[in-house]
Structure formats: structure tokens, C-alpha cells
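Each chain, written out:
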Amino acid sequence: MDFVLRRLGFYLIAFFFAATFNFFLPRLMPGDPITVMFSSQGNPLPVESIAALKETFGFVDGPLYEQYFIYLKSVVTWDLGSSVKYFPQTVNEVLGRSMVWTLFLVGTSTLISFFIGSISGIIAAWNRGGWLDSILSPLSLVLQSIPAVVLALLFMFVFGVALNWLPYSYAYDIELDPAFSWEYISSVISHATMPIISLVIVQIGGYLLTIRNNLINLLGEDYIVMGRAKGLSETRVMFNYGARNALLPSITAFAMTVGVVLGGSLITEVVFNYPGLGNTLFEAIVSRDYPVIQGQLLIMTLAMLSANFVADMAYVYLDPRLRRD
Amino acid sequence: MSGFLKMLGRNKKVSFGLFIVITYLLIALSAPLLTSHEPNKRVARPHQAPNAENVMGTTRMGRDVYHLFIHGTATSLAVGFGAGLIIVIIGTALGVSAGYFGGKYDEVVSLLTNVALVVPQLPLLLVLAAFIGEASPMTIAIIIGFTSWAWGARVTRSQTLTLRNKEFIQASELACEPSWRIIFVEILPNLSSIIGLNFLGSIIYTIITEATLEFLGLGDPLAVSWGTMLFNAQNASAMTVGAWWEVLVPCVAIAILGMGLALLNFGIDEIANPRLRTFSGIKRFNKRVKQLKAASLNTPNNAKQSTNGVIYDN
């Protein structure tokens, strides 16, 4: 319990740091932040909503600490104002709409790569030096160092443009109306295939190498020998004795990867014009839609923090040593 | 030292990675010799497929892709090595000092490191670059360098903590050696493999991130680099009009350099931690174990027969 509270406290501090950074960022930049932030390029905002927006971000007359407290209040009450680009929609509406798509991409690709990566990592470590290991381990390292933008562009070129196997723009056929029909669902799946595969390739190597390297370090442990001595089947020893213990660092890796995946998803969404959070952030940056940028950064920070918290909780559940004190 | 070099040479992954990286370095260093004119000069008609005159084709602006590639190599390597150096220096300085001196200072540094690790990197960099506006490759290198030191700091700190309790460090402390000498002469050499891994990893990370930022149009559009090549290709919808060479050249350039650095990294990891090795030595070992097993399988059979014989005797 002590451990959980300590972690929660840390996440609170981290979120506070990020929010403060958000507050100072526009104020440190050259030029007048208010004109940069609220000069929309398309539709001019009504005067009263500009005033309301300024208040949300603490751009009021008064000393800096007063501005800061007004800003903090709007963050804590999650009152992020309305988008400049999509006025009069609120930031929450804009982000809520795109979050579903990002959750779909990131969630699916993370699950796929966690399972495939971990299982092949276990098999590679168990047969260390075998043909599978000497192909998969260097390959996953190489794949890891190819940027998401290159992967996405290459996929789009080969399977989208050249072979014309899969659609490569937007999340579904725009002529279809969102409905619970086979036509719509299959359109969503075929549009998501390439983004998901690129994201899987971005992360799968990390899971494979983490569990492989950990399991190799455990191979000589006494309880593995014990399992074998009891005459258990090789798969039983591999998964129930070896992999179970090697999985713990993979859970930390999972929390760390969320940041990488969010970044990868951002760029993949831009390449495939996928209507998720990343694409929204990109469009917001291009059109200087500061309220949306601000909300994005907070949401992505919260996503990272919750992933880390989930990993912590999983650790407490899986590792009894942490529960003792 | 020669033993170390021999070990590097014996590891196929390291030799191959080193070969790739050195080739890129040579291309970058001899860029003026390999090219005949300014990379941004219009030399031919737009979107010419690769031919004898323009070996990698031309862009929509009529620029020669080969010249852009050669000069882009120099930019990407400079940004990667520059930012990698900043990341390693900051990370190692913070990590080693926090691990060695401990106390309140360690608490503050650890807190900052952990916060920096859980804040989403790429979105933040995007926003920073957007506010700076048309960031030049050097600016990008500096902002990446100053925001990405957290992983290195965390790893060097925990290693320093382990080293700190070893006998040879305690002996130096008892001998009243100054702390700077303990840090630079006793601790740092023992961290060299981690620092090396951090440096190579940071170069890969920086080159990837620079290309990403520039692809999104947040860099200086006049700079010559792989990222702006991708950005211009995307803007010219090079892919949909069939000008694959404009997209493929920077993509393959980044992918191969990434592969070279990754292999180098993997190899160093294997040398530092022999258990992780995958190369032929282990294959030979496994083969020998199989032979031994097969041999021992034959012996118990004989033994069985003899026991059987004993049973029959009864």
C-alpha cells in the first residue's frame, strides 16, 4: 500500500511538472504569445470567446503567479476551452472524437506485438544460438532502428500505391456512414491494417529482445534445473518456470514503450491521414490551435502516466516481494 | 587494446555495422569531392527517372536526388553525432554525480530524471520546434540533446550505485583520493560499455527524430537533409505521381544507417555481456552438446541391456 501511495505521489508531481511546462512554453517563446495563440487563420473568433480562452490559459492582467493559479484551476477542472480551428467545438469534443481512433490503433498494435514479440523472444532464448535466434534477435534490433515514418511511407508505397492492395488514407471509406454493418466494419479494418502493421513492427523488436535477454540470464537458475529434474515437459519448464519470471522487465518495457508508440502513432496517423490524436495534434500545430495542442499534451502525459501506473500495479500483483513491505 | 579490436573483428555483426557506419562517414566527409554543384540547384527537368546523368533521378523542383542524398548524409550524421554527444555528456554527468554523491542532490536529480522519462517526448519536441519555427538542423540537434538525457542518466546512476560499494572504490576512498579522481579514473572506465551503448542509441534516436520533425514540416525547408527530402517528396505527392526514387532514396538511406548503428550496438552489448551472444561460437557449442547427448544416449542403452541381463540371470 505504501508503495502504491508513493507511486501515486510521484505521478502527481510528474503531471504537475508537465502542466507547468505547458504554462511556461508559450510565455518563453519569442513574440507575443497571445497573437500567436489566438490568431486563427480561417474563421475569426468572436471577441467574447477570445476573452474566455485567454482566461482559461491564465492570460489575464496581473502578476505571473496569479496567471499560473488561474491556469492550474482550469487544468484541474479539465476546462480546456474551445478549439480555435473547429470553433465552436470544445477541445474535449475534438479530442474525444480522435481519441477513439488512436486507442484502436495503439491498443491493437500493442497487444499484437506484446504477444508475438514475447512468445518468439521466449522461444529464441530457449534455443539460444539456434537458427530462429540468430535471425530474429538481430532482425528485431534492426527493425527497431528504422523510423516509423520510413516504415509507414514504404508500406504506403508498396502495398497502397504500387500493388493497390489496401486503402491508405483515412480510417474508413468516406462514402460510408458509420454504422454497425459488415460493410463499414470491414472498411475500418482494411484502412487500419497498414497503420497497425507499421506500429507492430515499430514495437515488436523491443518486446522480443527484452524477454530474450532476461530469460537468457535466468536459464542457469536452480529452479529451472529443478523443473527439469522433476521431469516436467520442456514447454512447461519454458513457460511456467522460465518465462513467468522473465516477464517482469517486459512490463516495465511496456510502460516505456507507450511513449514510443504514441510518437510512432502520431507519425503513422499523419502519413496515412488517420483521424487520430496524432493527426489532430499535427493539424493543431500547423494552424496554431493552441487550446487543442495544450489539451493534447495533457492527455498524452496522462496516458503515459497511467501506463506507468498500470505497470506498477502489475508488478505488485506479479512480484510478491514488493507486497511484503 | 589489440585483443579488444580482435574481438570486434571476430563478431560478424560488429564488423558489418562498422562497415556501414564508416561508409556513411566517408560519404559525409568527402561530400564536396563526390558532388559537382550546390545540392539545391535546379539541374534538370522535374521528376526525371534515374538515368545516366542523374543517377538517382530528380525531384519535382528539378534538383538532383544524388546531390541531395550526399549532402543530406553530412547533415544527418552531424546532427546525430552532435546531439548524441550532448545527450551522453549530460546523462553521464548527472547519473554519475547523483550515484556517487547521493543525498539530497541525488533525490532531486532522480526525480527530474523520472519525470523526464514519463513525459511524452515526441509531442513535446513537435510543440517546441513549432514555437521556434523553421528550426535549422543545428537547432533541432540542440533541442533533442537537451531533452533526451534521461535514460542515460538513469542507467549510469544505477551502475554507479553498484560500483560505489565495490572494494576498489572503497579502497580509493580510504586512501583519500580526491573524488574527481575516483570518478574519472575508477568509475568512468567501468561504465564505458554503457556509455557507448547510450551514445549509439542516442545517435539512432536523434537521426530518426530529426527526420520525423522535418518530414512534418517543422524544420527549415531550405536545409538539405533526409528529413526535408521526405517533406518535399510528400509535398510534391511524389508517390502518387510515381516518382518513387524521390521517396525511396532518403527512406533507404535512413534505414541502412539505422541498421548499421543497431548492429554495432547489438555487437557491443554481446561483447559486454557474453551470455547474450548469438554468433557461431554458441552454434558450435550447441552442436557439441548434441553430439555428447547422442553419445550418452548410446551408453545408457548398453547399460540397460546389461541390467536386463542381470534380471535374466535371476
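Residues numbered from 1 in each chain as written. Chains lettered and ligands numbered in written order. Predicted model: local features only at pLDDT ≥ 70, side-chain atom pairs only at ≥ 80, totals over all residues. Heavy atoms only, no water.

Re the overall build of chain A
Helices and strands together make up the secondary structure of chain A, namely 13 helices and zero strands. For chain A, the α and β elements follow one another from N to C terminus as α-α-α-α-α-α-α-α-α-α-α-α-α. Relative to its 325 residues, chain A shows a buried fraction of 51%. Put simply, 73% of the contacts in chain A that link residues at least 6 apart link residues at least 24 apart. For chain A, the exposed area adds up to about 15300 Å²; of that, 67% sits on carbon and sulfur atoms. (Helix = DSSP H or I, 4+ residues; strand = E, 2+ residues; numbered from the N terminus. Buried < 20%, exposed > 50% of the residue type's maximum accessible area, 1.4 Å probe, protein only. Contact = heavy atoms within 4.5 Å. Areas by Shrake-Rupley, 256 points an atom, 1.4 Å probe, with all protein chains shown as cover.)

Considerations on the overall build of chain B
Counting its secondary structure elements, chain B contains 14 helices and zero strands. Along chain B, helices and strands appear, N-terminal first, in the series α-α-α-α-α-α-α-α-α-α-α-α-α-α. The proportion of buried residues among the 314 residues of chain B is 47%. Nonlocal contacts in chain B, meaning residues at least 24 apart in sequence, comprise 70% of its contacts between residues at least 6 apart. Of the roughly 15600 Å² of accessible surface on chain B, 65% is carried by carbon and sulfur atoms.

Topic: the interface of chain A and chain B
With 52 residues of chain A at the contact, the number on the chain B side is 50 residues. If you look at where chain A meets chain B, you find zero residue pairs in polar contact (both at pLDDT 80 or more). Within the residue set of the side of chain A that touches chain B, elements represented by two or more residues are α1 (2–28), α6 (131–144), α7 (148–162), α8 (182–218), α10 (234–271), α11 (277–286) and α12 (290–318) of chain A. Residues belonging to the side of chain A that touches chain B are distributed by class as follows: 38 nonpolar, ten polar and four charged. (Polar contact = N/O pair within 3.5 Å; in protein donor to acceptor, adjacent residues only side chain to side chain. Nonpolar A, V, L, I, M, F, W, Y, C, P; charged D, E, K, R; others polar.)

A short note on the packing of α7 of chain A against α10 of chain A
All names here are of chain A. The N-to-C vectors of α7 and α10 enclose an angle of 30 degrees; their axes lie 9 Å apart at closest approach. Judged by the angle between their axes, α7 and α10 are roughly parallel. Crossing angle aside, the handedness with which α7 passes α10 is right-handed. Between α7, through Ala148, Val149, Ala152, Leu153 and Met156, and α10, the contact on the second element is made entirely by Gly264, Ile267, Thr268 and Val271. Here the contact of α7 with α10 is built from residues that sort into seven nonpolar, two polar and no charged. (Axes fitted to C-alpha atoms, helices over the stretch in contact; angles between N-to-C directions. Parallel < 35°, antiparallel > 145°, perpendicular 65-115°, else oblique. Left-handed = near helix turned anticlockwise from the far one by under 90°.)

A look at unusual backbone geometry
Negative phi is the rule for most residues except glycine; trans is the rule for most peptide bonds. For Asn273 of chain A, which is not a glycine, the phi torsion comes out positive at approximately 50 degrees. Its place among the elements puts Asn273 of chain A in the loop between α10 and α11. The phi dihedral of Cys176 of chain B is positive, around 60 degrees, even though this residue is not glycine. Structurally, Cys176 of chain B is set in the loop between α9 (167–174) and α10 (179–187).

Focus on the confidence of the model for chain B
Residues and elements named next belong to chain B. Here chain B shows a mean pLDDT of 80. Residues at 70 or above account for 86%. Of all secondary-structure elements in chain B, the lowest mean pLDDT belongs to helix α14 (residues 280–313), at 56, while helix α4 (residues 65–101) reaches the highest, 91. Across residues 300–314 the pLDDT falls below 50, and counting only partners more than four positions away or on other chains, this stretch makes zero contacts in the model. Scored as a complex, the prediction yields pTM 0.81 and ipTM 0.79. (pLDDT = per-residue confidence, 0-100.)

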